[in-house]
Amino acid sequence: MLETALVSRPMPTTGALVVLAGHGGALSEAAARLDRQTGGLVARLLAAEPGGGKHGRVLHLPYPAGTDLDALVVLVAGKAEPLSGLDLEELGGTLVERLRQLRLREAVVASSAGLDLGHAPAEVAARLAHGGSLRGYAFDKYKSTSPDDDDTVRLARLELLVDEPGNPLATRLAALGEAVRAARDLMNEPANVLTPRAFADACQGLAELGVEVEILDPGEMARLGMRAVLAVGQGSAEPSYVVVMRWKGAEAEQPLALVGKGVCFDSGGISIKPAGGMEDMKFDMGGAAAVYGAIRALASRKAAVDVVGVVGLTENMVSGNAQRPGDVIRSMAGITIEVVNTDAEGRLVLADLLWYTKERFKPSAMIDLATLTGACVVALGHENAGLFANDEELAARLTAAGEAVGETVWRLPLGKGYAKHIKSDIADIKNVGRAREAGASAGAVFLERFVGEVPWAHLDIAGTAWSSRDLPLSPKGGTAFGLRLLERLVADHYEVPSGA
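All values reported here derive from a predicted model rather than from experimental measurement.

Colleague: I would appreciate a short explanation of the overall build of the protein in the present structure.
Modeller: Counting its regular elements, the protein contains 15 helices and 19 strands. Over its C-alpha atoms the protein spans a radius of gyration of 24 Å, differing by no more than 12% from the 23 Å that the globule rule assigns to 500 residues. The dimensions of the protein, computed from C-alpha atoms along their principal axes, are 85 × 55 × 40 Å. Counting only carbon and sulfur atoms, one obtains 49% of the accessible surface of the protein, whose full area is about 20,100 Å². For the protein, the separation between the mean place of its 50 positive charges and that of its 63 negative charges on side chains is 2 Å.

Printed below as a string of C-alpha cells:
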C-alpha cells in the first residue's frame, strides 16, 4: 500500500525528485533552482515535449546531467485559472499512477512555492498527497507475487516537502484517506470473508475511536419488528444484523442520520441474477461501506458534529428458506409489502432502517446510500449517482458537496405519479414498479413511504460504488463512493464551528 507523508526537510539531491511547473512554463522555486543547477534542463524538458506545458502532464528524465538524482520528474499544474482542491487531488492521482508506471519505489515532491496555483504550498502538498493516496490504493492481500511479477515493483512511499507538516487540512485529509481505504477494503473483500457478522465486527472496531456502537442481532431485530430486513436474509445461512454507530462530537438537539444498505452478497434470491457478473455482487454493501467510512473519518478527526450511522447487514441467497415472489411482509412501520421480485431487496432493508432511524433518533436530516437499481445505471451510467430528495436545501447541499470532491450526483424525480407504480393489489405497496419504466424513481418513492416529514435524500450509487476501470482517484474495484461526499457535507453544513 502506498504511504504518503508530508515532511519538513531540505530538498534531496539523490533518488527520484518531483518538481512542479505551472501555466505558460512558469517554474516553482524548486524547479527554477534545479533548472539553474542543470543549465536550463527543466525548461528544455518542458519545451521539448509536445504538449509538455499542458496541465496534468508528467515529464520524466532519468539520471539528469549535472545532478546525482536517479530521476527528475516535472509535474505540470498548467491551468490559466486557479486550480480547485479537486484539481490538485486528481493531479496527485495522476502523478502516482505515472510514478508507478515508471517503476519507482519512492519519490519526493518539492514544494510548489513560487507558483500561483490559488492555494498555499502547504494546501497544495496536502491535496496532492490525498489524491495520490486515493489513486495508489491497492487490494492485493490474496495475491501471491514473485520477483518476476511486473506488479512486484510498486510505488511504496511518496514524500511531499512542506514547512509545517501538521496543518489542519493535512490532518483532515489524512483521516479521510484512511477511512476511504478501510471502506474500499470492506468492499473488495470476498463475501466468504466479509459476512454480515464480519462487517458488524468491523463497525464494532470504531469504538476505539470513541464511536458508540450497538449491534442488533436477529432476536432483537425480530422484537423490534424489522421483518423486512429479516425477510431478505432468511434464505442465507449467515444471520442478519443492524449496526448503529453514533459519533457525538458535539451536543445537538437532533443528529444528522446516515443510513446504508449492506447486502454483503446478492444472488438475487429466487429471482436469481444471471451468472455473468454475479461475482460483483459482493459490492452490494457499498452504501453501508460509505456510511461506515464517513463515521470513521469524522471520529478520526474528532469532528464537532452529532451524527448517527445505521447499516443493515445481510445476504440475499437462494434456499428452501428464502422469501418467495408473491410473499407479503409487514414492515416495522406497519406498511405491508408485496414481494414481486426478490432481487429488489435493498429497498426492503432500507424500509426498516429508515423507519427505525426516524423513530428512534428524530434526526435533523436523513440520507441513505444504496446500490439500489440497475435502472439508475441505465439512466446515468457510471458518471453520476442518482439523487432523490424531499427537501430542496438538502438536495442542493449534497449536489455542491459532490461537485467539490468529484463524487457527482444528478437529481431524479419523485412524485405521486411514480408512487402509483408501486401500488399493490393485495398489500399497501409492492417492491417493484412497472417493468422497465422509471425503475430508479420507483425504488425511491418506495423508500419515501418510510421517512415521514424528515428532510431526506436517497443516493442511488448502483453505477458508482464500483468501477471496472481505473478512475482519477480510484483504481478499479470498490470506490467507496459517497464517503467523501458525506464528509464534505458535514464539514460544510453540520459541523459546529471552532469556538462556537
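Colleague: Explain the layout of surface pockets here, please?
Modeller: Here the idea is plain: a probe the size of a water molecule rolls over the atoms and shows the empty space left. Taken as a whole, the largest pocket holds about 1,000 Å³ of empty space. Lining the largest pocket are 42 residues, and of these Asp343, Leu372, Thr373, Gly374 and Ala375 lie nearest its centre. Of all the secondary-structure elements, those providing two or more residues to the lining of the largest pocket are β9 (256–266), α11 (374–380) and α14 (439–448). Its residues assigned to classes, the lining of the largest pocket shows 21 nonpolar, 10 polar and 11 charged.

Colleague: Would you explain the sheet that holds strand β1 (residues 3–7) in this entry?
Modeller: Pairing between the strands of a sheet comes from backbone hydrogen bonds, and it takes one of two forms, parallel or antiparallel. Pairing is mixed across the open sheet formed by six strands, whose spatial order is β1-β6-β5-β2-β4-β3. Each having just a single partner strand, β1 and β3 (58–62) make up the two edges of the open sheet. For this sheet the average axis-to-axis angle between neighbouring strands, irrespective of direction, equals 20°. As paired elements, strand β5 (residues 106–109) and strand β6 (residues 157–161) share four bridges and run parallel to each other. Residue pairing for β6: Val108 is matched across the bridge by Glu159. Running over the sheet, helix α1 (residues 29–37) touches β2 (14–22) and β4 (68–77) and is turned about 115° from β2. The strands touched by helix α3 (residues 85–101) within the sheet are β2, β3, β4, β5 and β6, with β4 carrying the most contacts at an inclination of about 145°.

Colleague: Would you explain empty space enclosed by the protein in this entry?
Modeller: Counted according to the given criterion, the structure contains one cavity of 30 Å³ or more. Estimated volume of the largest cavity: approximately 50 Å³. The wall of the largest cavity is formed by Leu20, Val109, Ala110, Ser111, Ser112, Pro121, Val124, Ala125, Leu128, Leu160 and Leu161. Here the element with the most residues in the lining of the largest cavity is helix α4 (residues 121–135); it accounts for four residues.

Colleague: Would you mind showing me how to read the packing of helix α12 (residues 392–405) against helix α15 (residues 483–494) here?
Modeller: Pairs of packed helices are described in terms of their axes, by the angle between the two and the distance that separates them. Where α12 contacts α15, the two axes come as close as 8 Å, and the packing angle between them is 120°. Between α12 and α15, the crossing angle belongs to the class labelled oblique. You can see that α12 and α15 cross each other, and the crossing is right-handed. For the pair formed by α12 and α15, the contact residues are Leu394, Arg397, Leu398, Ala401, Gly402, Ala404 and Val405 on the first element and Arg484, Leu485, Arg488, Leu489, His493 and Tyr494 on the second. Split into classes, the residues belonging to the contact of α12 with α15 amount to eight nonpolar, two polar and three charged.

Colleague: It is not clear to me how helix α9 (residues 286–300) should be interpreted in this structure. Could you clarify?
Modeller: Along an α-helix, a turn takes 3.6 residues, which lines up residues three or four apart on a common side. If you check α9, its first and last C-alpha atoms are 21 Å apart, about what 15 residues at 1.5 Å a residue would give, namely 21 Å. With 13 of its 15 residues buried, α9 lies for the most part within the structure. Remark: Lys302 follows α9 within two positions and exhibits a positive phi of approximately 55°.

Colleague: It is not clear to me how the sheet that holds strand β17 (residues 456–460) should be interpreted in this structure. Could you clarify?
Modeller: Strand order in the open sheet formed by eight strands is β7-β8-β10-β9-β13-β17-β14-β15, with mixed pairing between adjacent strands. One side of each edge strand has no neighbouring strand; the edge strands of this open sheet are β7 (212–216) and β15 (409–411). Strand-to-strand twist across the sheet, computed as the mean angle between neighbouring axes with direction ignored, equals 20°. Of the strand pairs in this sheet, strand β14 (residues 385–389) and β15 are connected by three bridges, and their pairing is parallel. Across the sheet, the residue bridging to Ala385 is Val409, located in β15.

Colleague: Is there a simple way to think about the packing of α4 against helix α5 (residues 168–188) in this case?
Modeller: Interaxial distance between α4 and α5 falls to 10 Å at its minimum, and their mutual angle equals 5°. What the angle tells us is that α4 and α5 run roughly parallel. On α5, the residues that touch Glu123, Ala126, Arg127, His130, Ser133 and Leu134 of α4 are Leu169, Ala170, Leu173, Leu176, Gly177, Val180, Arg181 and Arg184. Here the contact of α4 with α5 is built from residues that sort into seven nonpolar, three polar and four charged.

Colleague: How should I be thinking about the pattern of salt bridges in this particular structure?
Modeller: Opposite charge on two side chains permits pairing when their charged atoms draw close. Throughout the structure, instances matching the rule amount to 30 salt bridges. A salt bridge links Lys79 to Asp87, with the shortest nitrogen-to-oxygen separation between them at 3.2 Å. Using a relative accessible area of 30% as the deciding quantity, one classes Lys79 as partly exposed. As a salt-bridge pair, Arg301 and Glu487 come within 3.0 Å of each other at their nearest N and O atoms. Within this pair, whereas Arg301 is found in the loop between α9 and β10 (306–316), its partner Glu487 is found in helix α15, the two being separated by 186 residues in sequence. There is no split in this pair, since Arg301 and Glu487 are both buried. Connected through shared salt-bridge partners, Glu3, Arg9, Arg157 and Glu159 make up one network.

Colleague: How should the side chain of Asp460 be read in this particular structure?
Modeller: Looking at the secondary structure, you find Asp460 in strand β17. Summary of buried charges: Asp460 has no salt-bridge partner, and the nearest side chain of opposite charge, Arg347, is 6.8 Å away. Among the polar contacts listed, one links the side chain of Asp460 to the side chain of Thr373, at a separation of 2.6 Å.

Colleague: Before we go on, may I ask you to explain a nonpolar patch on the surface in this structure?
Modeller: Taken together, the side chains of Ile270, Ile272 and Val318 present a nonpolar region at the surface, about 260 Å² in accessible area. Assessed through its relative accessible area of 53%, Ile272 is described here as exposed.

Colleague: Just checking my understanding: could you explain the state of the cysteines for this structure?
Modeller: Two cysteines, two sulfur atoms, one covalent bond between them: this is a disulfide. Under the criterion given, the structure shown has zero disulfides. Cys264 supplies the cysteine sulfur nearest to Cys203, a cysteine that is in no disulfide, at a spacing of 9.4 Å.

Colleague: How do you make sense of α4 when you look at a structure like this?
Modeller: Its 15 residues give α4 an end-to-end C-alpha distance of 21 Å, which sits within 8% of 21 Å, the value for a rise of 1.5 Å per residue. With 12 of 15 residues buried, α4 is to be regarded as a mostly interior element. Taken as a whole, α4 has its buried residues at Val124, Ala125, Ala126, Arg127, Leu128, Ala129, His130, Gly131, Gly132, Ser133, Leu134 and Arg135.

Basis of the calculations
- Residues numbered from 1 in each chain as written.
- Predicted model: local features only at pLDDT ≥ 70, side-chain atom pairs only at ≥ 80, totals over all residues.
- Heavy atoms only, no water.
- Helix = DSSP H or I, 4+ residues; strand = E, 2+ residues; numbered from the N terminus.
- Rg over C-alpha atoms; globule rule 2.2 N^0.38 Å.
- Areas by Shrake-Rupley, 256 points an atom, 1.4 Å probe, with all protein chains shown as cover.
- Lys, Arg positive; Asp, Glu negative; His and termini not counted.
- Charge placed at Lys NZ, Arg CZ, Asp CG, Glu CD.
- 1 Å grid on protein atoms, 1.4 Å probe; cavity = no way out; pocket = protein on both sides within 12 Å on 5 of 7 lines; lining within 4 Å.
- Points joined across faces, edges and corners; volume = space filled by probe spheres on them.
- Nonpolar A, V, L, I, M, F, W, Y, C, P; charged D, E, K, R; others polar.
- Pairing = 2+ DSSP bridges.
- Axes fitted to C-alpha atoms, helices over the stretch in contact; angles between N-to-C directions.
- Contact = heavy atoms within 4.5 Å.
- Parallel < 35°, antiparallel > 145°, perpendicular 65-115°, else oblique.
- Left-handed = near helix turned anticlockwise from the far one by under 90°.
- Expected span 1.5 Å × (residues − 1).
- Buried < 20%, exposed > 50% of the residue type's maximum accessible area, 1.4 Å probe, protein only.
- Salt bridge = Lys/Arg side-chain N within 4 Å of Asp/Glu carboxyl O.
- Polar contact = N/O pair within 3.5 Å; in protein donor to acceptor, adjacent residues only side chain to side chain.
- Patch = residues over 30% accessible without salt bridge, like charges linked within 9 Å, V, L, I, M, F, W, Y side chains within 5 Å.
- Disulfide = S-S within 2.5 Å.

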